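# Overview (structure and organization)
Chain by chain, the residues:
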Amino acid sequence: MQYHSTRGQSPEVDSAQAVLTGLAPDGGLYLPCALPAFSWRSCIQKNTLDMAQMILSAFLPDIPDMQTLVEKAYVGKFETEDLTPTVSVGGFHVLELFRGPTSAFKDVALSMLPQLLTAAKAAKNEKKDILILTATSGDTGKAALEGFKDVDGIRICVFYPHGGVSDVQRRQMVSQEGENVTVCAVRGNFDDAQTGVKEIFAACREKDLPVNLSSANSINIGRLVPQITYYFKAYRDLLDAGRIQMGEEVNFSVPTGNFGDILAGYLAKKLGLPVGKLICASNANNVLTDFIRTGTYDRRRVLHKTDSPSMDILVSSNLERLLYLMSGDTALVARLMNELNTQGYYQVPQQLLTEIQEQFWAGWCDDAKGAETIAKVWRENGYLCDTHTASGWAVAQDYVNRTGDMRPMVVLSTASPYKFPAAVLNAIGETVNGDEFDQLDKLAAVTGVKIPKNLAALREKPERHTAVIDKEKMLDFVLAL
Ligand SMILES: *Cc1c(COP(=O)(O)O)cnc(C)c1O
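All figures in this text were calculated on a predicted structure; none of them were measured in a lab.

As a further point, take the overall build of the protein chain. If you tally the helices and strands in the protein chain, you get 22 helices and 16 strands. Across its three principal axes, the protein chain shows a C-alpha extent of roughly 60 × 50 × 45 Å. When burial is assessed residue by residue, the protein chain has 61% of its 481 residues classed as buried. Sequence separation of at least 24 residues holds for 75% of the intrachain contacts in the protein chain that already meet a minimum separation of 6. Taken together, the 48 basic and 57 acidic charged side chains of the protein chain have centroids lying 1 Å from each other.

Structure below.
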């Protein structure tokens, strides 16, 4: 299957090459030239792993033996065999995406990506090793490290913003084991780290390095496609529980940063799944709310540090894919992305905005409202959610209140509350003392919710990665690896 760039200035490549390359040479993102033919009804008959296999094979047919890759990626790695359970809470349905090896939803994709990359490398007979460079706002880094650790022929280097991730997230990363991993803090915020990584890619393009660079961020199509599966899985769960009738439309509220998760939902809809509205939930960094409401995307604002750090993003890379999917116009996408780069904002044509608004609704939630939501959901339903999930919940509630749309609502839960114990303790009215481990213990003691095994085990793990560098030094750091 052929892929092309959203900016239309790069040669078409097959699906294995698209996974290997990550970012297209013209700076665009890869998408299939035509979406695959797909039977959504037969997909939802399947168990989770077979769903994943069916969806991945449809999008990435040039990567052989998908069934084996899916098994290697997922079997025995998640708390539950069905990977992503759906639980009904207070009138909504919570899709729990955080039951994987690092307790964040990124595990779903980053357990799979190393398998896809390794297989794509073999399919393309590529001999050079791959160096994965990733900037993280907190969760991608750990999930990628865990996914790629000790994978043959691949090394990984993760940059995170110094002081910009939660204590638990930092601890998860700096204690990472594995012979092929490097973790480094950068003085700056997430956008600085991400810009630094992009500059390294640009600087290395002309150099003849002994390795090929690649990325674990959701610009890689191999990172995006595995996320489509859980929309089908949630639909199936609601059917099985008798909560919906076959064919009935379901709304999804998605805590959003880089727009990868919610774009996977849009792709599920394009494959035929009866998805109603896709609700884009942001935190105080509400650039997407403004965009979806007005058609103007404007990154010229300060980045707020919030209690939901994985959504502290001003440039949502995957929005570019949506603009292409909805307009079909590579010249338009290239122009808008150039404007974003040079002047810091762009405005989409009215027709395109209208079409986006038919599919998406957007809202945002600040830290205070998020805390209120965590407290309310806990008090009324005995369900403990994290700060990111809280924004999804609050915005979903806001949507229902404002529109009266009563279609079933699935709220995607993207992290375990134990990744952000201080914020969650504060939210439910408990005082916060001590280090991150005292906080984990206290949260468990007052709620009775179990600490995920991987987080409980952190206490015993020494800090192995201590580098902190200025953002200007990122290239030197990588060249010295
Ligand atoms: C990454 C992340 C998000 C945002 O997902 P995108 O695909 O970047 O929109 C939301 N919540 C958590 C916990 C995350 O780790």
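Here the narrative resumes, following the displayed structure.
Taken across its five residues, strand S5 (residues 92-96) has five buried, putting it largely inside the fold. Judged from the four bridges that link them, strand S4 (residues 86-89) and S5 form a sheet pairing that is antiparallel. Along S5, the bridge assignment pairs Thr86 with Leu95. Connecting S4 to the antiparallel partner S5 that follows it, the hairpin turn spans two residues, and Gly90 within it adopts a positive phi of roughly 50°. In terms of strand pairing, S5 meets strand S15 (residues 409-413) through four bridges, oriented parallel. Across the sheet, the residue bridging to Glu96 is Ser413, located in S15.

So, about the pattern of salt bridges. Tallied over the full model, the rule gives 25 salt bridges. Among the salt bridges present, the one from Asp14 reaches Lys124, with a minimum N-O distance of 2.8 Å. Taken together, the residues span a long stretch of sequence, with Asp14 in strand S2 (residues 13-14) and Lys124 in the loop between helix H6 (113-123) and strand S6 (129-135) at a distance of 110 residues. Relative accessible area serves as the criterion here: at 31%, Lys124 is assigned to the partly exposed category. Across the salt bridge formed by Lys369 and Glu372, the nearest N and O atoms sit 3.8 Å from each other. With Lys369 and Glu372 both in helix H17 (residues 367-381) and three residues apart, the pair spans about one turn of that helix. What makes Lys369 partly exposed here is its relative accessible area of 37%. The network of salt bridges with common partners includes Glu79, Glu96 and Arg99.

This next bit is on a negative patch on the surface. A surface patch of like charges, here negative, comprises Asp129, Asp150, Asp152 and Glu179. Counting through the fold element by element, Asp129 comes out in strand S6.

Criteria and thresholds
Residue positions within a chain follow its written sequence, with the count starting from 1. Per-residue local features are limited, in this predicted model, to residues with pLDDT of at least 70; the limit for side-chain atom pairs, both in listing and counting, is 80 or more; totals at the level of whole chains, interfaces and linings are taken over all residues. As a rule here, side-chain values come from all non-hydrogen atoms in the structure, and water together with hydrogens is ignored. Going along the chain from the N terminus, every DSSP run of H or I of four or more residues is numbered as a helix, and every run of E of two or more is numbered as a strand. Burial here depends on accessible area, computed with a 1.4 Å probe over protein chains only, as a share of the maximum for the residue type. Under 20% is buried, over 50% is exposed, and the range in between is partly exposed. Any two residues whose heavy atoms approach within 4.5 Å at even a single point are treated as in contact. His residues and chain termini do not enter the charge count, which takes Lys and Arg as positive and Asp and Glu as negative. Positions of charges follow a simple convention, taking NZ of Lys, CZ of Arg, CG of Asp or CD of Glu. In short, DSSP must find at least two bridges between two strands for them to pair. Just to be clear on terms, a salt bridge is a Lys or Arg side-chain nitrogen sitting within 4 Å of an Asp or Glu carboxyl oxygen. Grouping into patches uses exposed residues only, defined as over 30% relative accessible area, and leaves out salt-bridged ones; the cut-off is 9 Å for like charges and 5 Å for nonpolar side chains (Val, Leu, Ile, Met, Phe, Trp, Tyr). Using a 1.4 Å probe, accessible areas were evaluated by the Shrake-Rupley method; residue-level cover was limited to the displayed protein chains.

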